[in-house]
Each structure stands twice: as C-alpha cells, then as structure tokens.
Amino acid sequence: MCGIVGYIGQQEAYPILIKGLHRLEYRGYDSAGVAIINPDDRLNIYKHTGKVAELETFCEAKDIAGTVGIAHTRWATHGEPSDINAHPHYSTNGKIAIVHNGTIENYNVLKQALIQHGCEFVSQTDTEVVVKLIEYIQTSNNCTLLDAVREALSQVVGAYAIAVIDSDHPDTVIAARKSSPLVIGIGDGETFIASDASPIIDYTNRVVYLRDNEIAIISRNEPLKVITTDNKESKIDIQTLRMSVSQLEKGGYPHFMLKEIFEQTETIFDCVRGRVVNDTIKLSGVSDHPDRFINAGRIIIVACGTSWHAGLIGARLIENFARIPTRVEYASEFRYANPVINSDDVVIAISQSGETADTLAAIKLAKERGAFVYGVCNVVGSSIARETDTGTYIHVGPEIGVASTKAFTGQVTVLAMLALAIAQLKGTASRSQVAEVARSIQKLPELIKETLLLNPQIEKLSSTYTYVHNFLYLGRGYNYPNALEGALKLKEISYIHAEGYPAAEMKHGPIALIDKEMPTVVIAPDDDLHEKVISNIQQVKARGGSVIAIVTRGDTTIPKIADHVLEIPPVPEALSPIIAAIPLQLLAYHIAIMKGCNVDMPRNLAKSVTVE
Ligand code: G6P
C-alpha cells in the first residue's frame, strides 16, 4: 500500500524516481508525487492525482533537475485521492519533504497539539502531521534533521516507512521504518531507497533491508549509517538480490496478469525444484523442526485474500495427509479474536508479499502466545519471512499484476508439499501414497502447459459473458476454495459481482438467484464427488442457468449438459485445484479485458496491503 522511492547520487534523480514509481505502482495508484532538491538547493515538489503517467505529464516543462529526491505512489487511507493529499508532504517553510507508507494512528492527537502551537495544515493526511512535527521539533529544539526525525518518530504511534529530505541539507536523505517495508540499494557513489527491491535492481544488486525501529542516514559520498530509534548504531547486513530486470517487465505480453498466468509452467517448476527427491519431499522448514510437527496439537493457518483461499486448500491437504486438525483464519479476524493459542500449535502464515499488515500482526500475536510460526511467502527477505520461525518460499518470482495468479498456484503447491512432508514425518501417509503425489507434483509444470492451451477457447467464450452482472462459482472438496478464488479473480478485475459456494450449498440460498441472466462456473474434475457435482449442474440447468464446466479430459457426462466445457488434464484430486485455477484465471482475465478494464491495476485495490 503506497510505494516509496528515493535517490541520492551523481545522476539526475527524476528519471530514476519515476521509473521506480512505475515499478511500485502495484502498491497504489490513486495519486503520485516527487520532491527534488535542485542544484540551487531549492526544494521542488510536484504532485498529481491519478497514475504515475499523469504525474509525468504534469512535470513536463517543470524544473526537475537535481541529484537527490524522493517520490511516492499512493493508495489513500487518510483523505481522498487528490493533488493536495498526494505525497510528498512538506513543512511550512517549504524546506523539508516526506514520503510515507503506513498509517499514523495518533495523528489527530499530534495534529491538535501542533495546531495549538500555531501550525497550519493543508491536507487531510496523517503524513503531513509527521513532517510538521519534524519541523516543529527542529525549530523548537534547534537540532539537526536526524535528531528531529528521531524525536518525531518517538512520538508517533503506528506503522511507517518514510524518507525525508531537507533543502538545508541537500546531501542527506533520512529513511526509517516500523512495520512497513523499506529497502536500501547500495550503488557506486549512489544510494537508492524503495518499498521493495524492484526500483533498485536496474542499478545495483546490493541491498540492505531496514529493520523495524531503524533509521538510515544516507549521505552523499559517505557510507550508509543505520541507527535505532533509541540512538544505538545498528549492524548493516548487505544482501545480494536474486532478482532480474526481465522478471519485472511484461516480456511481450499485453499485461502482467497474462504474463504471470502463462509463466506458471516455469514458476511451479522453480517452486518444486529440489523439494521432490526420490519420490519424497524435502522441506528444510519441516525437517529442521521435527518435534514441532510431530507434537503439533493443531495447525492454524492465517492469511488474507487469495492467500486465505490457498490456506483453505492447504488445511484440507494437511488434514488429509498429516492428520493434524487444521483451521484457517482471516488474519484480520484472528488478531482481534483473543484466540486460544497453545504452545504446541503450529501457525502457518501465508502471504505473497510478506508484508500484509494483518498477517504480520497475527504472527506477532501467535509468537507472543508461544506458537511455532511457519511462513509461506514469495518475497524473499520480506517482513513476514523474517518474523516467522521458519518456512518455505514459494519462489515464483515477482508478481506484479494486482490479481494474484502464479502466487496462488505456488502457495497451493508448497502447501501440498508441506502436508506430505509432515505426513512422512508422522507416518500418516504410506511411502507409496507420498510417492504417487510427489511424482504428480513434479509433473505439474507439464500439466499446466497443457492447460494453458485452453486460452483461445476461453477467450472466445468470454465474449458471451462480458455484459452479465452476476456470476456463481461452484466447487466441492479441494475445489470449493477454488470456487471462492475464481469468483474473487472475476470480481476484482472485471467488477462483475461473483460469489463462490460449495456446490451442495447452492440449494440453501444461491439457487434462488439462478436464471438465464446468471451464469455458473462449475469446477467438476473427475474426483470422489464428481457424481454429486453433476446433480448440481442439472439443478442449474433446470432453472435456465448457463453452465461453464471445468472437467477432466475424457468426461463423457458433463459435456452433454453444460453450455461450455473446459477440459483439464487428469491430475490426482489433491492437486486438482492447481490445474483448475488456470482456466479460472484466464476466464476472469478475458472477461475483464473485453469490458475494457485495467486488469493489472484494478480500481481501489493494491497488491501489498500494509495497512489495516
Ligand atoms: C491484496 C492483494 C491480494 C492478496 C492479498 C493478501 O488484497 O490484492 O492479491 O491475496 O492482498 O496479500 P499477501 O501478500 O499477504 O498474500
């Protein structure tokens, strides 16, 4: 939620900042802005409602010179999207500028106190309070910018990643974080700041992930210095990025979402690589902590959004193979539910970004109460990856499209491997059972490749459904969460209302909605519940509804009753959600495209939700 970029060095800052903002646009795109100190030590700030491209147009013919600057792309929390509320925010004297990702919970208390001191506010944001507080402290205490920032942060309650510049000190950028991510890229005579590594990778692969309560002092021609908010020097841990620029580009596809759907043959290969060995599963997160899993009384999965759907499938896999009672919680509910957590519980936190505020808070709560916390993340070095006791990366590469696709299939694949790894350890699945699923896991990339051949058929049938207002998605067993996920994909990018239901529950309510205006997508692979799902399809057809059915190749019954049939290759039941997810993703994509929607940046959404 919100993306920050900063630069100090020898090059012109503006192009670097703008390029960085484009990379971070997935984090929010309702307004954007830049602040640059020009060669005459004047602070120029330009902000504009809308996407980064609109900011670029606005900046044409403006003074954008300067080698130090900060920039921001916003997802509004406090105050509507507007030019005034866009970041950077600035001090009354026009010398200090700040960009901020996060939320300041006590901003109103601080604001009222500053108003008492004669301070005036122009925006409705919490961020303006921070920069005005810094200015107030700097003036009243006659102290350095660093001391003023440090003091201001000690008064602030909430989450923040910030970068601050001051035209009186044009050779320094101050950056700090608490609960919102911030990465510093160390170049040759230049330093970069960003919410994630994507704006940095073009220039350097040496990065430092700032930790909570750390402040970075980034000075031109001086080594990076990091202190804690209580003024102790921190050790700097420089890490090497394993990301490539090509992963951040569309690679010939019209949209990141389509690229990411098509990439799944490779991403699942990378996700599985080295983890299926001689028909067994090797996950160090499990084998390094055998007692935690052998003695686990219960598993609690916490996640949000698509990751929560993956969690629902994961719970079924774990209960089926590892026979440990498993429940799945929305992280946002779990954190406030005063949950019963025992020291023999294992909490699995699933998060693509590794930065989702609610999931992070749920992890902290679980740890405080003594649980062992296992992370399933994509972004290496992310906050959740670092907060958890151990875990497994899904290794699907950067996911840029706001609608999650390859991360979902990666998460389910990791959860399948996790369930099998625990089952091996506990002896709850026979060697041959594990071997059979393990071999199929290795075949997933090939099966995904075959499934992607459905693309032209799905594109064609999508035109039939572009103008409907409601969709129903039905599935059973492992594919009930897939029905939820298919519905979420469609609604988030096409703005068509869609609901996912367990197929047998349809008769308890949704059946009342069915008529010829409301299509139903039925996920009906050849599994134990196949016959029952056929009856559900009959019930839809009997009420005049049209049916798009996802079936296993060779199904002879459903093609006779459904309006459209999408055939997926045969796959063991436990892995079927991974394959069945692909036509669901493609269907949502093509319908949204036909409606003229911006699939990579749907309205009101952001990819990384770092606020509550
Ligand atoms: C946002 C994204 C979703 C994602 C969810 C959880 O809502 O738009 O795609 O599933 O956050 O994010 P996480 O990074 O924790 O998986």
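Bringing the packing of helix H10 (residues 305–322) against helix H17 (residues 480–494) into the picture now. Where H10 meets H17, the axes come as close as 9 Å, and the angle between the chain directions of the two elements is 165°. Between H10 and H17, the crossing angle belongs to the class labelled roughly antiparallel. Handedness of the crossing formed by H10 with H17: left-handed. For the pair H10 and H17, the contacting residues are Gly305, Thr306, Trp308, His309, Leu312 and Ile313 in the first and Pro481, Leu484, Glu485, Leu488 and Lys489 in the second. Here the contact of H10 with H17 is built from residues that sort into six nonpolar, three polar and two charged.

It is common to report an interface's size as the accessible area lost on association of the parts. When its domains are assigned, the chain resolves into domain 1 (3–246), domain 2 (250–429) and domain 3 (453–601). Just the C-alpha atoms count here: the centres of domain 1 and domain 3 sit 45 Å apart.

On to the nonpolar core. By size, the foremost hydrophobic cluster in this structure holds 95 residues, and its most contacted members are Phe321, Ile348, Tyr374, Ile441, Phe471 and Tyr473. It is helix H14 (residues 406–426) that provides the largest number of residues to this core, a total of 13 residues. The residues that make up this core include at least three from each of domain 2 (250–429) and domain 3 (453–601). Core analysis: the second largest hydrophobic core is formed by 33 residues, Ile18, Leu24, Ile200 and Ile201 among them.

With that out of the way, let us pick up helix H1 (residues 13–24). The end-to-end C-alpha separation of H1 is 16 Å, in line with the 16 Å expected for 12 residues at 1.5 Å each. Burial analysis of H1 places nine of its 12 residues in the buried class, the great majority of the element. For H1, every residue scored as buried is listed here: Ala13, Tyr14, Ile16, Leu17, Ile18, Gly20, Leu21, Arg23 and Leu24. On its buried side, H1 packs onto strand E1 (3–8), strand E2 (31–37), helix H2 (52–59), strand E4 (68–74) and strand E10 (191–194).

Together, Ile84, Tyr90 and Val122 make up an exposed nonpolar region whose accessible area comes to about 260 Å². Accessibility expressed as a relative area gives 43% for isoleucine 84, which makes it partly exposed.

Taken together, five strands build an open sheet; the order of strands is E23-E22-E24-E25-E26 and the sheet is parallel. Sheet topology places strand E23 (497–502) and strand E26 (564–568) at the edges, where each strand pairs with a single neighbour. Within this sheet the neighbouring strands show an average axis-to-axis angle of 15°, counted without direction. In this structure, strand E22 (residues 470–475) lies alongside E23, joined through six bridges in parallel fashion. Within E23, the residue paired with asparagine 470 across the bridge is histidine 497. Strands in contact with H17 are E22, E23 and strand E24 (520–524); relative to E23, the strand with the most contacts, it is inclined by about 180°.

We now examine the sheet that holds strand E21 (residues 390–393). As summarised here, the arrangement of the five strands in space is E18-E17-E19-E20-E21, forming an open sheet in which the pairing is parallel. The open sheet is flanked by strand E18 (326–330) and E21, the only strands paired with a single partner. On average, adjacent strands in this sheet sit at an angle of 20° to one another, irrespective of strand direction. Inspection of the sheet shows strand E17 (residues 298–303) paired to strand E19 (residues 345–351) by five bridges, in the parallel sense. Residue pairing across strands places valine 302 opposite alanine 349, the latter belonging to E19.

Let's shift gears to the pattern of salt bridges. A complete count under the given rule lists 23 salt bridges for this structure. Salt-bridge contacts for lysine 516 lead to glutamate 517; the nearest nitrogen and oxygen are separated by 3.8 Å. One continuous salt-bridge network, built from bridges that share partners, spans Lys19, Arg23, Asp202 and Glu249.

This part covers the pairing of E17. With six of its six residues buried, E17 lies for the most part within the structure. Neither face of E17 is open: one carries Arg298, Ile300 and Val302, the other Ile299, Ile301 and Ala303, and all of them are buried. Inspection of the sheet shows E17 paired to E18 by five bridges, in the parallel sense. Among the inter-strand pairings, isoleucine 300 is bridged to a residue of E18, identified as arginine 327.

With respect to the helices and strands, threonine 466 occurs in the loop between helix H16 (455–462) and E22. There is a polar contact of 3.2 Å between the side chain of threonine 466 and the backbone oxygen of serine 462. A distance of 3.3 Å separates a polar atom in the side chain of threonine 466 from the backbone oxygen of serine 463. Setting aside its immediate chain neighbours within four residues, threonine 466 contacts Ile496, Ile591, Met594 and Lys595.

This part takes up the site of the ligand. For the ligand, the set of nearby residues contains 13 residues, the closest of which are Ser307, Ser351, Gln352, Ser353 and Thr356. Measuring from an oxygen atom of the ligand, one finds a backbone N or O atom of threonine 306 at 3.0 Å. Within the side chain of threonine 356, one N or O atom sits 2.4 Å away from an oxygen atom of the ligand. Relative to its unbound accessible area of 390 Å², the ligand is 90% covered by the protein chains. Looking at the shell around the ligand, the element that brings in the most residues is H10, giving three residues.

So, about unusual backbone geometry. The phi torsion of most residues other than glycine is negative, and most of the peptide bonds are trans. In the segment running from histidine 87 into proline 88, the intervening peptide bond is cis, with an omega of -5°. Positionally, proline 88 belongs in the loop between E4 and strand E5 (89–90). Despite not being glycine, asparagine 142 has its phi angle at roughly 50°, a positive value. Positive phi outside glycine occurs at asparagine 338, with the angle close to 50°. Within the fold, asparagine 338 resides in the loop between helix H11 (331–334) and E19.

What counts, and where the lines are drawn
Residues numbered from 1 in each chain as written. Predicted model: local features only at pLDDT ≥ 70, side-chain atom pairs only at ≥ 80, totals over all residues. Heavy atoms only, no water. Axes fitted to C-alpha atoms, helices over the stretch in contact; angles between N-to-C directions. Helix = DSSP H or I, 4+ residues; strand = E, 2+ residues; numbered from the N terminus. Parallel < 35°, antiparallel > 145°, perpendicular 65-115°, else oblique. Left-handed = near helix turned anticlockwise from the far one by under 90°. Contact = heavy atoms within 4.5 Å. Nonpolar A, V, L, I, M, F, W, Y, C, P; charged D, E, K, R; others polar. Domains from an automatic or database assignment. Core = buried A, V, L, I, M, F, W, Y, C linked by side-chain atoms within 4.5 Å. Buried < 20%, exposed > 50% of the residue type's maximum accessible area, 1.4 Å probe, protein only. Expected span 1.5 Å × (residues − 1). Patch = residues over 30% accessible without salt bridge, like charges linked within 9 Å, V, L, I, M, F, W, Y side chains within 5 Å. Areas by Shrake-Rupley, 256 points an atom, 1.4 Å probe, with all protein chains shown as cover. Salt bridge = Lys/Arg side-chain N within 4 Å of Asp/Glu carboxyl O. Pairing = 2+ DSSP bridges. Polar contact = N/O pair within 3.5 Å; in protein donor to acceptor, adjacent residues only side chain to side chain. Near = heavy atom within 4 Å.

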